[in-house]
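Residues per chain, in single letters:
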Amino acid sequence: RRQVLKIASIAPENTPYGEFLNRMAREWRDATNGEVEVRIYHNGVAGNEDDVLRKLKLNQLQGGVFTSLGLNAITPEVMALSCPFFIRDNDEMNLVMSNLRGDFEEKIGDKGFVPVAWTNAGWVKLFSKTPVFVPSDLKSQKLGTSASEPELTQAFKTLGYNMIPINMNELLMALNSGMVDAIYQSPMMVAGLQIFTIAKNMASINIAPVVGSVVLNRNAWRSIPDKYKPRLMEINRQLERDFGSSIAKLEDDAVATMKSYGLVVNTINPDQLKLWYDDIDRTLPSLVGTTFDRETFGKVDAILKAYRAGR
Amino acid sequence: MEKKQSILWKIEDIICWVSMGFLAAVPIAEVIARIFFKTGVPASSGIMIHLLLVVGLVSGMITTRQQQHLSIEFLQFISNDKVKHVLSIITNLIAAFIITIVAWCSASFVSIGLSPWRMIGFIPDQVFALVMPIGYAVMAFRFARLTPVRGAGRILPVLAVLGGTFFALPAISKLIWGFDAPDMVFAVNDGLSMLAYYIRIPVVIILIVSAMLGCPLFVVMGGLSLILIQSSWGEIDVVANQVYTALTQSSIIAIPLFTLVGFFLSESKAGERLVHTFRSLFSWLPGGMIIATVVICAFFTSFTGASGVTILALGGILYTILIEKSKYPEKFTIGLLTSVGGIGLLFPPSVPLLLVGATTMTNTMHLFAGGFIPGLILVAAMIIFGIVASRRNKIPVEKFQLKEALRGLKGAVWEILLPVLLIIGYFSGILSLVEIGAAAVIYIFIIEVFVNRDLKLRDLGRVFSKAVPIIGGVLSILALSQALSYYIVDTQAPENLARWMSSAIQSKVLFLLLLNLALLVVGCLMDIFSAILIVLPLIVPLGQAYGIDPVHLGIIFIINLEVGFLTPPVGMNLFLATYRFEKPFVEICRYVFPFLLIQLAVVFLVTYVPWLSTFLPRFF
Ligand code: NA
Ligand code: NA
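Cut-off values and rules
- Sequence order as written defines the numbering, with residues in each chain counted from 1.
- Lettering for chains starts from A, numbering for ligands starts from 1, and both go in the order in which the items are written.
- Two thresholds apply to this predicted model, a pLDDT of at least 70 for residue-level local features and 80 or more for giving and counting side-chain atom pairs, whereas whole-chain, interface and lining totals are computed over all residues.
- With hydrogens and water stripped out, all remaining heavy atoms of the structure feed into the side-chain values.
- Numbered from the N terminus, helices here are DSSP runs of H or I no shorter than four residues, and strands are runs of E no shorter than two.
- What makes two residues a contact is simply this: any of their non-hydrogen atoms within 4.5 Å.
- Accessible areas in this description were obtained via Shrake-Rupley with a 1.4 Å probe; residue shielding takes into account the shown protein chains only.
- Positive charges are assigned to Lys and Arg, negative charges to Asp and Glu, while His and the chain termini are left out of the count.
- Just so you know, the charge point we use is NZ for Lys, CZ for Arg, CG for Asp and CD for Glu.
- Here the globule rule reads 2.2 Å times residues to the power 0.38, and the radius of gyration is calculated from C-alpha atoms.
- Buried residues are those whose accessible area, probed at 1.4 Å on protein chains only, stays under 20% of the maximum for their type, while exposed residues exceed 50% and partly exposed ones sit between those limits.
- Any two cysteine sulfur atoms lying within 2.5 Å of each other are counted as a disulfide.
- Defined here as a combined quantity, buried area equals the accessible surface (1.4 Å probe) lost by two parts on assembly, summed across both.
- Put simply, a salt bridge is a Lys or Arg side-chain nitrogen that is within 4 Å of an Asp or Glu carboxyl oxygen.
- Polar contacts, as used here, are pairs of N or O atoms within 3.5 Å; protein pairs need one atom able to donate a hydrogen and one able to accept it. Residues neighboring in sequence count only if both atoms are side-chain atoms.
- Polar here means any residue outside two lists: the nonpolar Ala, Val, Leu, Ile, Met, Phe, Trp, Tyr, Cys and Pro, and the charged Asp, Glu, Lys and Arg; Gly therefore counts as polar.
- By the convention used here, strands pair only if DSSP detects at least 2 bridges between them.
- Nonpolar cores were defined as sets of buried Ala, Val, Leu, Ile, Met, Phe, Trp, Tyr and Cys residues, with membership established by side-chain atoms within 4.5 Å.
- An automatic or database domain assignment provides the domain bounds reported here.
- The rule is short: rings of Phe, Tyr and Trp, with Trp giving its six-membered ring, pair when the centres are within 6.5 Å, and they are stacked under 30 degrees, edge-to-face over 60, tilted in between.
- Our definition puts a charge over a ring when NZ of Lys or CZ of Arg is within 6 Å of the ring centre and also within 35 degrees of the ring normal.
- Here an axis means a line fitted to C-alpha atoms, over the contact stretch when the element is a helix, while the angle between two N-to-C directions is reported on a 0 to 180 degree scale.
- Here roughly perpendicular refers to angles of 65 to 115 degrees, roughly parallel to angles under 35, roughly antiparallel to angles over 145, and oblique to all remaining angles.
- In a left-handed crossing the near helix is turned counterclockwise from the far helix by less than a right angle, and in a right-handed crossing that turn is clockwise.
- A crossover counts as right-handed when, viewed with the strands pointing away from the observer, the path leading from the first strand over the helix to the second turns clockwise.
- Like charges are joined within 9 Å and nonpolar side chains (Val, Leu, Ile, Met, Phe, Trp, Tyr) within 5 Å, but only among residues with over 30% relative accessible area and no salt bridge; these make up the patches.

### Topic: the overall build of chain B
Link 1 in the chain: Of regular secondary structure, chain B possesses 28 helices and two strands.
Link 2 in the chain: Projected onto its principal axes, the C-alpha positions of chain B cover 85 × 60 × 55 Å.
Link 3 in the chain: Relative to all contacts within chain B whose residues are 6 or more apart in sequence, the contacts with residues 24 or more apart total 80%.
Link 4 in the chain: Working note: accessible area of chain B is about 25200 Å², and carbon and sulfur atoms make up 71% of it.
Link 5 in the chain: Positive and negative side-chain charges in chain B, numbering 39 and 30 respectively, have mean positions lying 10 Å apart.

### What to know about the overall build of chain A
Link 1 in the chain: Counting its regular elements, chain A contains twelve helices and nine strands.
Link 2 in the chain: For chain A, whose C-alpha radius of gyration is 20 Å, the value lies close to the compact-globule estimate of 19 Å for 311 residues.
Link 3 in the chain: Each principal axis of the C-alpha atoms in chain A carries an extent, and together these give about 60 × 40 × 35 Å.
Link 4 in the chain: Within chain A, the fraction of its 311 residues that count as buried is 57%.
Link 5 in the chain: Restricting to contacts in chain A with at least 6 residues of sequence separation, those with at least 24 account for 77%.
Link 6 in the chain: With an accessible surface of roughly 12400 Å², chain A has 51% of that area assigned to carbon and sulfur atoms.

### Regarding the state of the cysteines
All names here are of chain B.
Link 1 in the chain: This structure, assessed with the given rule, holds zero disulfides over all chains.
Link 2 in the chain: In this model C215 remains outside any disulfide bridge; the closest cysteine sulfur is found in C105, 17 Å from its own.
Link 3 in the chain: According to the relative accessible area criterion, C215 is buried, its value standing at 0%.
Link 4 in the chain: The thiol sulfur of C297 is not disulfide-bonded, and the nearest other cysteine sulfur, from C589, lies at 19 Å.
Link 5 in the chain: By relative accessible area, C297 is classed as buried at 3%.

### Considerations on the interface of chain B and chain A
Frequently, the measure chosen for interface size is the accessible area removed from exposure when the parts meet.
Link 1 in the chain: Across the contact, 40 residues belong to chain B and 31 residues belong to chain A.
Link 2 in the chain: Carbon and sulfur atoms supply 50% of the area that chain B and chain A bury against each other, a total of about 3100 Å² over both sides.
Link 3 in the chain: The tally of links from chain B across to chain A stands at one salt bridge.
Link 4 in the chain: The salt bridge involving K6 of chain A is made with D490 of chain B; its shortest N-O contact spans 2.8 Å.
Link 5 in the chain: The interface formed by chain B and chain A holds twelve residue pairs in polar contact (both at pLDDT 80 or more) in total.
Link 6 in the chain: When residues of the side of chain B that touches chain A are traced back to their parent elements, those giving at least two are α1 (2-37), α3 (81-112), α10 (238-246), α19 (433-451), α20 (460-490) and α21 (493-504) of chain B.
Link 7 in the chain: For the side of chain B that touches chain A, the leading source of residues is α10 of chain B, giving five residues.
Link 8 in the chain: Split by residue class, the side of chain B that touches chain A holds 15 nonpolar, 14 polar and eleven charged.

### A word on the environment of Q599 of chain B
Link 1 in the chain: Structurally, Q599 of chain B is set in helix α27 (residues 585-608).
Link 2 in the chain: A polar side-chain atom of Q599 of chain B sits 2.9 Å from the main-chain carbonyl oxygen of S339 of chain B.

### Section: the pairing of strand β5 (residues 142-146) of chain A
Residue and element names in this part refer to chain A.
Link 1 in the chain: Counted residue by residue, β5 has four buried out of five residues, so it is predominantly covered.
Link 2 in the chain: Here β5 pairs with strand β6 (residues 162-166) via five bridges, running parallel. Bridge assignment links S146 to a residue of β6, and that residue is I166.
Link 3 in the chain: Here two bridges tie β5 to strand β7 (residues 182-185), and the two strands are oriented parallel to one another.

### Considerations on the nonpolar core
In globular proteins that are soluble, nonpolar side chains generally tend to be buried together.
Link 1 in the chain: Formed by 293 residues in total, the largest nonpolar core has its most connected members in W28 of chain A together with I99 and Y136 of chain B.
Link 2 in the chain: Considering each element in turn, this core owes the most residues, 18 residues, to α20 of chain B.
Link 3 in the chain: Each of domain 1 (47-248) and domain 2 (254-619) of chain B accounts for three or more of the residues forming this core.
Link 4 in the chain: Not counting chain neighbours up to four residues away, the residues in contact with W28 of chain A comprise L5, V36, V38, V116, L216, I224, L232, I235 and N236 of chain A.
Link 5 in the chain: Among the nonpolar cores identified, the runner-up in size contains 17 residues, and F127, A174, M202 and M258 of chain A belong to it.

### Concerning the packing of aromatic side chains
For any pair of aromatic rings, geometry is given as the distance between the ring centres together with the angle between the planes.
All names here are of chain B.
Link 1 in the chain: Tallying each qualifying case throughout the model produces 24 aromatic pairs over all chains.
Link 2 in the chain: Considering the side-chain rings of Y197 and W233, the 5.8 Å spacing of their centres and the 45 degrees angle between planes classify their relative orientation as tilted. One end of the pair, Y197, is in helix α8 (residues 183-212); the other, W233, is in the loop between α9 (217-231) and α10, with 36 residues separating them in the sequence.
Link 3 in the chain: A relative accessible area of 34% places Y197 in the partly exposed class.
Link 4 in the chain: A cation over an aromatic ring shows up here: R200 above the ring of Y197, its NZ or CZ 4.4 Å from the ring centre.

### So, the side chain of R101 of chain A
Link 1 in the chain: One can find R101 of chain A in helix α4 (residues 90-110).
Link 2 in the chain: One polar contact links R101 of chain A to E240 of chain A, side chain to side chain, over a distance of 3.0 Å.

### Points about the pattern of salt bridges
All names here are of chain A.
Link 1 in the chain: All told, the structure shown has 33 salt bridges over all chains when counted by the stated rule.
Link 2 in the chain: A salt bridge links R101 to E240; the nearest nitrogen and oxygen atoms lie 3.0 Å apart. With a gap of 139 residues between them, R101 in helix α4 and E240 in helix α10 (residues 229-260) connect regions that are remote in the sequence. This pair shows no difference in class: R101 is buried, exactly as E240 is.

### Description of the packing of helix α1 (residues 16-31) of chain A against α10 of chain A
Residue and element names in this part refer to chain A.
Link 1 in the chain: Following both chains from N to C, one finds α1 and α10 inclined at 165 degrees, their axes separated by 10 Å at the closest point. On the basis of the axis angle, α1 is roughly antiparallel to α10. Considering only the axes of α1 and α10, their crossing is right-handed. Seen from α1, the contacting residues are P16, Y17, E19, F20, R23, M24, E27, W28 and A31; seen from α10, they are R231, L232, I235, N236, L239, E240, D242, F243, S246, I247 and L250.
Link 2 in the chain: Classifying every residue of the contact of α1 with α10 gives twelve nonpolar, two polar and six charged.

### Some remarks on the domain arrangement of chain B
Residue and element names in this part refer to chain B.
Link 1 in the chain: When the domains of chain B are assigned, the result is domain 1 (47-248) and domain 2 (254-619).
Link 2 in the chain: Domain 1 and domain 2 are separated by 31 Å when their C-alpha centres are compared.
Link 3 in the chain: Counting residues at the interface gives 34 residues for domain 1, matched by 27 residues for domain 2.
Link 4 in the chain: With both chains or domains summed, domain 1 and domain 2 bury close to 2500 Å², and 81% of this area falls on carbon and sulfur atoms.
Link 5 in the chain: Among the residues of domain 1 in contact with domain 2, L70, M221 and Q242 are the three that bury the most area, contributing 22% of the side total.
Link 6 in the chain: Linking domain 1 with domain 2 are zero salt bridges.
Link 7 in the chain: Here the residues of the side of domain 1 that touches domain 2 are counted per class, giving 22 nonpolar, twelve polar and no charged.

### As for the pairing of strand β1 (residues 3-8) of chain A
All names here are of chain A.
Link 1 in the chain: Where β1 meets strand β2 (residues 36-41), six bridges bridge the pair, whose relative direction is parallel. From the neighbouring strand, I7 faces β2, where its bridge partner is I40.
Link 2 in the chain: Assessed by its sense of winding, the connection that carries the chain from β1 through α1 to β2 is right-handed.
Link 3 in the chain: In this structure, β1 lies alongside strand β3 (residues 63-67), joined through two bridges in parallel fashion. Its bridge partner lying in β3, A8 is registered against G64.

### What to know about a nonpolar patch on the surface
Residues and elements named next belong to chain B.
Link 1 in the chain: A contiguous nonpolar surface patch, about 890 Å² in accessible area, is contributed by V413, W414, L417, V420, L421, I424, I442, I446, F450, V451 and L457.
Link 2 in the chain: Among the secondary structure elements, those contributing two or more residues to the nonpolar patch are α18 (402-427) and α19.
Link 3 in the chain: Sorting elements by how many residues they give to the nonpolar patch places α18 first, with six residues.
Link 4 in the chain: Within the element layout of this structure, I442 appears in helix α19.
Link 5 in the chain: Taking the relative accessible area as the measure of exposure, I442 reaches 31% and is therefore partly exposed.

Written out as structure tokens, the structure reads:
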């Protein structure tokens, strides 16, 4: 009997994300001789991440593309990846993921979900009306935060920032009116929401990686005949390799486009970088165990410390 | 028994009013905290959306109790009491049956769909969400009780609830066993899907007919989504998920708030004061009272949204002044008053426009800016027609009296300031939309209770109890129409239709023409809220395929449906005018006809000159 897997994504169809999913749908169908039919609901038509997660639990949808926001709603351990200024560049992120991917998959699996693909879609950056180079530049400003991310808000508050919770669709107005002076967000979102027309400064420092994962619910995974599973995972590894660079390149494209419309990228020099990192190192102990899961955090920290010591 | 019941009803009312009070108070606390302490109220956004969920369900319960859910009122054309009685039995039984299924779906959704560890402040999400199964169970029970049957017939409502419970088995089995139901239950569930598949077409027809016969529309939408989802081997408890999603959207919070403002205006003497003010300001102009009528009605409708309230609140006084004081012909007066009822829908803070923004993910500020010029054109067209008519009827003008004008202005200054303050607050970006709604409630409360003293504190109950059935009616439809629109998304029909249309029809103009015609038909059949929630999602991908600006599309949609208020057979304003002016339906249709033609002309203008809707949004 033919198995239909409905997978929802908030990304539009004409982006590398959309192409990734369309190709996955095609190749999974071919590899299973049509026994597994994957239907993709692009562009957020099936709901936002919270809504899609609920539909996965009810089994109305069988899969969804989740960022760290949705993954965190499945299992809080994933939040460690999104701790501000903790993981600092692509090399560190790749190292952490290659070591801990299995751990995360196990944790997510315990909650009844199966991640079948992972991608890194660039970095959350800081956008502000006035240039920001060092932490004290930002601490005197009002920093807008998504009302649906209490953990991140708490982390920033502990670091000493003035946090103003706002709704995503009111970001532009909030910046325009001075309700907030700066926001942290992925460059693709900033480009899409036209936020750069007001918050014209981008700090070059990476705040946190944007993680994306295609997750199926356990029912869906069970319904796929076992004989096909290794081949399907192989297909997805290949897709990750093929699309990894183009998804990461989305960020560069977005920044380049915004620059042509007047965005200023402020390069943070190594001395200034150290101020940001010292700041978080000082604050981290109070966040671990409350905002971030202690065990996961410890593992990531150990990997990063060893890597940084050996560099 | 009676006493117990009335205490329960009181408790229900109080929960609803207190939740609405918090919806107004929390955002104001948020603004104060932001200004003085540079921080927000902890967990406020989570609390707000969950209060909305409570308001949505409890007001739905109250609306059921008062039998005021929105429906297509064909019943009023039936004079045979026996037929009416039978129809009332049938529609109540259908409602009890369907809402029982929705209640079970809600129970399954709360236990499976939500995470136990997610907290809203210190209360778990799941505890808040319990209002869904409880609310729908109460509604089902009430529909059963309200079925007018006697003697042996009293078994019928019981059977409706039991039948609903049987057909809810897929949800109930998930509630009990999760996804590991015993084989026999699994077989029954599969059988139900198969059954649903074979009977889906007759069931859909029955549901549509029952809507025509007066079954509440939210019930029909719930029924349609249940049968369609079940027959496509979907999970019926996703219906409850859609209710939860619809009633936990922060942008929807503005709807109860502005409705409340509308009823503060209509229950106080604001309407009379405004009419006198405008009369003293404009009656020296030829057609001055027409200008006043159009402007006041636009103002009222922009707050009350569903334009019915405007005719009910202002129809009487404007009718008296236009006919007795200004000597306009009755035919003309009724035509005018019926057709201006919808004119304010393009002006902020129009609830239908808010809903368009939420449904299509379009920036509401852009929509309000985009609706402004088309709205002005519509107002101007009606005014010009009025002036021409008043010239032809040789309506005398009154002398302008400065003293009178100033006195009038003083009387209504606080109400006139309201839209000014709101527009400044919103477009300057100082306040978010929900905060504006909250500020408007608090402002109008202070003005009508303490400044103008039109309302005493004990009158507040009256304001709330008039507003609640409207809020309950709209939110109930909103919740279950979200389920139906999700089913449509699930079929991927909109994308396929868009693909097919854009290959079959190349011309954008032809597409727009078809869109106009289709929306006029929709306006003939549906109320504006249901249309936005059900039809608009189908049109959005088409609009994208033809490269139509989303703001322009939203404005086309609203202005088309606004005219739909005036087109028979289903024209909300035609019904209300029939009721308000005590004239036959067909007569009202005839009086309205010339005004309808003018509004149609504006619809075409706005559709084919996109600039009118896309120019202003560029500045925001
Ligand atoms: Na109509
Ligand atoms: Na209508």
